[in-house]
Amino acid sequence: QQQVRQSPQSLTVWEGETAILNCSYEDSTFNYFPWYQQFPGEGPALLISISSVSDKKEDGRFTIFFNKREKKLSLHITDSQPGDSATYFCAASASSGSWQLIFGSGTQLTVMP
Amino acid sequence: EAAVTQSPRNKVAVTGGKVTLSCNQTNNHNNMYWYRQDTGHGLRLIHYSYGAGSTEKGDIPDGYKASRPSQENFSLILELATPSQTSVYFCASGDAGGSNERLFFGHGTKLSVL
(Lines give C-alpha, C1' and ligand atoms only; values in the text may rest on other atoms or scores of the structure.)
Protein backbone atom coordinates (compact mmCIF):
# COMPACT_ATOMS: atom_id res chain seq x y z
CA GLN A 1 0.00 0.00 0.00
CA GLN A 2 1.60 3.23 -1.15
CA GLN A 3 1.22 5.94 1.44
CA VAL A 4 2.51 8.64 -0.92
CA ARG A 5 1.31 8.67 -4.51
CA GLN A 6 2.64 10.76 -7.37
CA SER A 7 1.26 11.56 -10.79
CA PRO A 8 1.93 11.60 -13.59
CA GLN A 9 4.65 8.98 -13.81
CA SER A 10 6.26 10.99 -16.60
CA LEU A 11 5.70 14.48 -17.94
CA THR A 12 7.04 16.34 -20.97
CA VAL A 13 6.77 20.11 -21.33
CA TRP A 14 8.31 22.70 -23.62
CA GLU A 15 10.89 25.17 -22.45
CA GLY A 16 9.17 28.15 -20.84
CA GLU A 17 6.01 26.27 -19.87
CA THR A 18 4.85 25.50 -16.34
CA ALA A 19 5.23 21.89 -15.22
CA ILE A 20 2.81 20.65 -12.57
CA LEU A 21 3.69 17.55 -10.56
CA ASN A 22 1.09 16.06 -8.24
CA CYS A 23 1.34 14.24 -4.95
CA SER A 24 -1.22 12.82 -2.52
CA TYR A 25 -0.95 11.03 0.79
CA GLU A 26 -3.07 8.93 3.12
CA ASP A 27 -1.69 9.35 6.62
CA SER A 28 -3.22 12.41 8.30
CA THR A 29 -0.32 12.55 10.77
CA PHE A 30 2.12 13.52 8.00
CA ASN A 31 3.18 17.13 8.54
CA TYR A 32 6.39 17.63 6.57
CA PHE A 33 6.60 17.31 2.80
CA PRO A 34 9.94 17.68 1.01
CA TRP A 35 10.49 17.35 -2.71
CA TYR A 36 13.74 15.78 -3.86
CA GLN A 37 15.23 16.22 -7.32
CA GLN A 38 17.32 13.48 -8.92
CA PHE A 39 19.45 13.74 -12.05
CA PRO A 40 20.54 10.57 -13.88
CA GLY A 41 23.48 8.86 -12.21
CA GLU A 42 23.17 10.91 -9.04
CA GLY A 43 21.45 10.61 -5.71
CA PRO A 44 18.37 12.67 -4.87
CA ALA A 45 18.87 16.15 -3.43
CA LEU A 46 16.46 18.30 -1.46
CA LEU A 47 14.78 20.86 -3.72
CA ILE A 48 12.08 22.49 -1.60
CA SER A 49 9.89 21.54 1.36
CA ILE A 50 6.71 22.60 3.13
CA SER A 51 5.14 21.94 6.51
CA SER A 52 1.45 21.33 7.03
CA VAL A 53 0.94 24.73 8.68
CA SER A 54 1.50 26.44 5.32
CA ASP A 55 -0.48 26.24 2.11
CA LYS A 56 2.22 27.59 -0.18
CA LYS A 57 6.01 27.65 -0.33
CA GLU A 58 7.93 29.43 -3.03
CA ASP A 59 11.61 29.27 -3.96
CA GLY A 60 12.44 30.96 -7.22
CA ARG A 61 10.71 29.11 -10.05
CA PHE A 62 9.62 26.28 -7.75
CA THR A 63 6.38 26.49 -5.76
CA ILE A 64 4.61 23.94 -3.57
CA PHE A 65 0.84 24.23 -3.16
CA PHE A 66 -0.58 22.27 -0.21
CA ASN A 67 -4.20 21.30 0.47
CA LYS A 68 -4.42 19.71 3.89
CA ARG A 69 -8.12 18.96 3.71
CA GLU A 70 -7.75 16.96 0.50
CA LYS A 71 -4.33 15.54 1.46
CA LYS A 72 -2.85 16.77 -1.78
CA LEU A 73 0.08 18.86 -2.83
CA SER A 74 1.65 19.89 -6.08
CA LEU A 75 4.99 21.20 -7.28
CA HIS A 76 4.82 23.91 -9.92
CA ILE A 77 7.91 24.67 -11.97
CA THR A 78 7.43 27.90 -13.88
CA ASP A 79 9.46 28.90 -16.94
CA SER A 80 10.73 25.32 -17.21
CA GLN A 81 14.29 24.89 -18.48
CA PRO A 82 15.97 21.86 -20.09
CA GLY A 83 18.21 21.73 -17.01
CA ASP A 84 15.11 20.98 -14.92
CA SER A 85 14.81 17.60 -16.65
CA ALA A 86 15.06 15.15 -13.76
CA THR A 87 13.02 12.81 -11.60
CA TYR A 88 11.12 14.50 -8.79
CA PHE A 89 10.18 12.65 -5.62
CA CYS A 90 7.52 13.79 -3.21
CA ALA A 91 8.05 12.57 0.35
CA ALA A 92 6.26 12.82 3.67
CA SER A 93 6.96 12.34 7.35
CA ALA A 94 5.26 12.79 10.70
CA SER A 95 6.60 14.49 13.80
CA SER A 96 5.36 11.68 16.04
CA GLY A 97 5.98 7.97 15.93
CA SER A 98 8.16 6.80 13.06
CA TRP A 99 9.37 10.06 11.50
CA GLN A 100 11.38 8.55 8.66
CA LEU A 101 10.56 9.85 5.22
CA ILE A 102 8.14 7.94 3.00
CA PHE A 103 8.87 8.55 -0.68
CA GLY A 104 6.51 8.47 -3.63
CA SER A 105 7.42 6.63 -6.82
CA GLY A 106 8.56 9.79 -8.60
CA THR A 107 7.69 11.84 -11.69
CA GLN A 108 10.17 11.91 -14.54
CA LEU A 109 10.14 15.38 -16.06
CA THR A 110 11.51 16.15 -19.51
CA VAL A 111 11.76 19.74 -20.69
CA MET A 112 12.10 20.05 -24.45
CA PRO A 113 14.10 22.99 -25.85
CA GLU B 1 29.71 20.72 1.03
CA ALA B 2 28.23 17.66 2.68
CA ALA B 3 29.63 14.44 1.30
CA VAL B 4 28.34 10.89 1.23
CA THR B 5 30.49 8.41 -0.65
CA GLN B 6 29.38 4.95 -1.67
CA SER B 7 31.47 2.04 -2.88
CA PRO B 8 31.47 0.27 -5.19
CA ARG B 9 29.54 2.25 -7.82
CA ASN B 10 28.70 -0.94 -9.68
CA LYS B 11 28.66 -4.54 -8.50
CA VAL B 12 27.83 -7.84 -10.17
CA ALA B 13 27.22 -10.72 -7.79
CA VAL B 14 26.18 -14.34 -8.11
CA THR B 15 23.08 -15.77 -6.52
CA GLY B 16 23.89 -17.05 -3.05
CA GLY B 17 27.00 -14.94 -2.70
CA LYS B 18 27.72 -12.38 -0.02
CA VAL B 19 27.66 -8.70 -0.94
CA THR B 20 28.77 -5.75 1.15
CA LEU B 21 27.93 -2.19 0.15
CA SER B 22 29.86 0.54 1.92
CA CYS B 23 29.01 4.12 2.75
CA ASN B 24 31.13 6.86 4.26
CA GLN B 25 29.95 10.33 5.30
CA THR B 26 31.99 13.37 6.28
CA ASN B 27 28.98 15.38 7.51
CA ASN B 28 29.27 14.25 11.12
CA HIS B 29 25.57 13.37 11.00
CA ASN B 30 24.22 10.95 13.56
CA ASN B 31 21.61 9.40 11.29
CA MET B 32 22.38 7.25 8.28
CA TYR B 33 20.08 5.36 5.94
CA TRP B 34 20.07 2.69 3.25
CA TYR B 35 17.42 2.85 0.52
CA ARG B 36 16.82 0.87 -2.64
CA GLN B 37 15.36 2.45 -5.74
CA ASP B 38 13.27 0.49 -8.20
CA THR B 39 11.11 1.72 -11.05
CA GLY B 40 7.56 2.21 -9.87
CA HIS B 41 8.50 2.05 -6.19
CA GLY B 42 10.57 5.13 -5.61
CA LEU B 43 12.92 4.93 -2.64
CA ARG B 44 12.25 2.31 0.00
CA LEU B 45 13.97 2.27 3.38
CA ILE B 46 15.93 -0.89 4.21
CA HIS B 47 17.86 -0.07 7.40
CA TYR B 48 18.88 3.03 9.29
CA SER B 49 21.07 4.01 12.19
CA TYR B 50 21.00 6.69 14.90
CA GLY B 51 24.73 6.49 15.56
CA ALA B 52 27.73 4.22 15.92
CA GLY B 53 26.73 0.78 17.10
CA SER B 54 23.03 1.16 16.34
CA THR B 55 21.00 -0.29 13.48
CA GLU B 56 17.24 -0.29 12.99
CA LYS B 57 14.96 -2.06 10.53
CA GLY B 58 13.25 0.02 7.91
CA ASP B 59 10.27 -0.90 5.76
CA ILE B 60 11.88 -3.71 3.75
CA PRO B 61 14.67 -5.26 5.88
CA ASP B 62 14.25 -8.92 4.90
CA GLY B 63 17.40 -10.34 3.31
CA TYR B 64 19.56 -7.44 4.46
CA LYS B 65 21.76 -6.70 7.45
CA ALA B 66 23.40 -3.41 8.39
CA SER B 67 26.46 -2.43 10.35
CA ARG B 68 27.46 0.97 11.81
CA PRO B 69 30.94 0.57 13.25
CA SER B 70 31.62 4.30 13.46
CA GLN B 71 29.97 7.69 13.02
CA GLU B 72 31.31 7.87 9.47
CA ASN B 73 30.65 4.38 8.12
CA PHE B 74 27.46 2.43 7.46
CA SER B 75 27.43 -0.86 5.55
CA LEU B 76 24.65 -2.88 3.97
CA ILE B 77 25.20 -6.63 3.87
CA LEU B 78 23.46 -9.19 1.69
CA GLU B 79 24.46 -12.54 3.19
CA LEU B 80 22.81 -14.62 0.45
CA ALA B 81 22.16 -12.44 -2.56
CA THR B 82 19.13 -13.17 -4.74
CA PRO B 83 18.16 -11.82 -8.19
CA SER B 84 15.26 -9.92 -6.54
CA GLN B 85 17.88 -7.78 -4.83
CA THR B 86 19.07 -6.41 -8.15
CA SER B 87 18.53 -2.68 -7.72
CA VAL B 88 20.18 0.68 -7.19
CA TYR B 89 21.08 1.27 -3.55
CA PHE B 90 21.43 4.71 -1.99
CA CYS B 91 23.02 5.65 1.27
CA ALA B 92 22.08 8.90 2.97
CA SER B 93 22.96 10.85 6.07
CA GLY B 94 20.49 13.04 7.95
CA ASP B 95 21.23 16.41 9.47
CA ALA B 96 18.76 16.64 12.31
CA GLY B 97 16.56 13.73 13.11
CA GLY B 98 12.87 14.33 13.44
CA SER B 99 10.28 14.98 10.80
CA ASN B 100 12.01 17.92 9.10
CA GLU B 101 15.34 16.18 8.63
CA ARG B 102 17.23 16.90 5.42
CA LEU B 103 18.83 13.88 3.78
CA PHE B 104 22.12 13.97 1.87
CA PHE B 105 22.45 11.09 -0.58
CA GLY B 106 25.40 9.36 -2.14
CA HIS B 107 25.60 8.67 -5.89
CA GLY B 108 24.27 5.15 -5.53
CA THR B 109 25.49 1.59 -6.09
CA LYS B 110 24.05 -0.38 -8.98
CA LEU B 111 23.86 -4.02 -7.95
CA SER B 112 23.13 -6.85 -10.36
CA VAL B 113 22.61 -10.34 -8.93
CA LEU B 114 22.87 -13.03 -11.60
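For the structure itself, look to the data block above.
Quick caveat, the model's predicted, so the values are computed rather than measured.

Colleague: Describe in detail the packing of aromatic side chains, supporting the description with residues and values.
Modeller: Across all of its chains, the model carries 16 aromatic pairs over all chains by this definition. With a centroid separation of 6.3 Å and an interplanar angle of 75°, the aromatic rings of A:Phe103 and B:Phe105 are classed as edge-to-face. In this pair, A:Phe103 is assigned in strand β10 (residues 102-103) and B:Phe105 in strand β10 (residues 103-105), connecting two distinct chains. For the pair shown, A:Phe103 and B:Phe105 are each scored as buried. These aromatic residues form a ring-pair network of at least three members: A:Tyr36, A:Phe89, A:Phe103, B:Tyr33, B:Tyr35, B:Tyr48, B:Tyr50, B:Phe90 and B:Phe105.

Colleague: Break down the interface of chain B and chain A for me, citing the residues and quoting the values.
Modeller: If you look at the interface, chain B gives 24 residues, while chain A gives 21 residues. Summed over both sides, the interface of chain B with chain A buries roughly 1700 Å², with 58% coming from carbon and sulfur. The interface formed by chain B and chain A holds zero salt bridges in total. Between the two partners, chain B and chain A, sit four residue pairs in polar contact (both at pLDDT 80 or more). Within the residue set of the side of chain B that touches chain A, elements represented by two or more residues are β4 (31-38), β5 (42-49) and β10 of chain B. When its residues are assigned to classes, the side of chain B that touches chain A shows nine nonpolar, 11 polar and four charged.

Procedures and definitions
- Residues numbered from 1 in each chain as written.
- Chains lettered and ligands numbered in written order.
- Predicted model: local features only at pLDDT ≥ 70, side-chain atom pairs only at ≥ 80, totals over all residues.
- Heavy atoms only, no water.
- Phe/Tyr/Trp six-rings, centres within 6.5 Å; stacked < 30°, edge-to-face > 60°.
- Helix = DSSP H or I, 4+ residues; strand = E, 2+ residues; numbered from the N terminus.
- Buried < 20%, exposed > 50% of the residue type's maximum accessible area, 1.4 Å probe, protein only.
- Contact = heavy atoms within 4.5 Å.
- Buried area = accessible area lost by both parts, 1.4 Å probe.
- Salt bridge = Lys/Arg side-chain N within 4 Å of Asp/Glu carboxyl O.
- Polar contact = N/O pair within 3.5 Å; in protein donor to acceptor, adjacent residues only side chain to side chain.
- Nonpolar A, V, L, I, M, F, W, Y, C, P; charged D, E, K, R; others polar.

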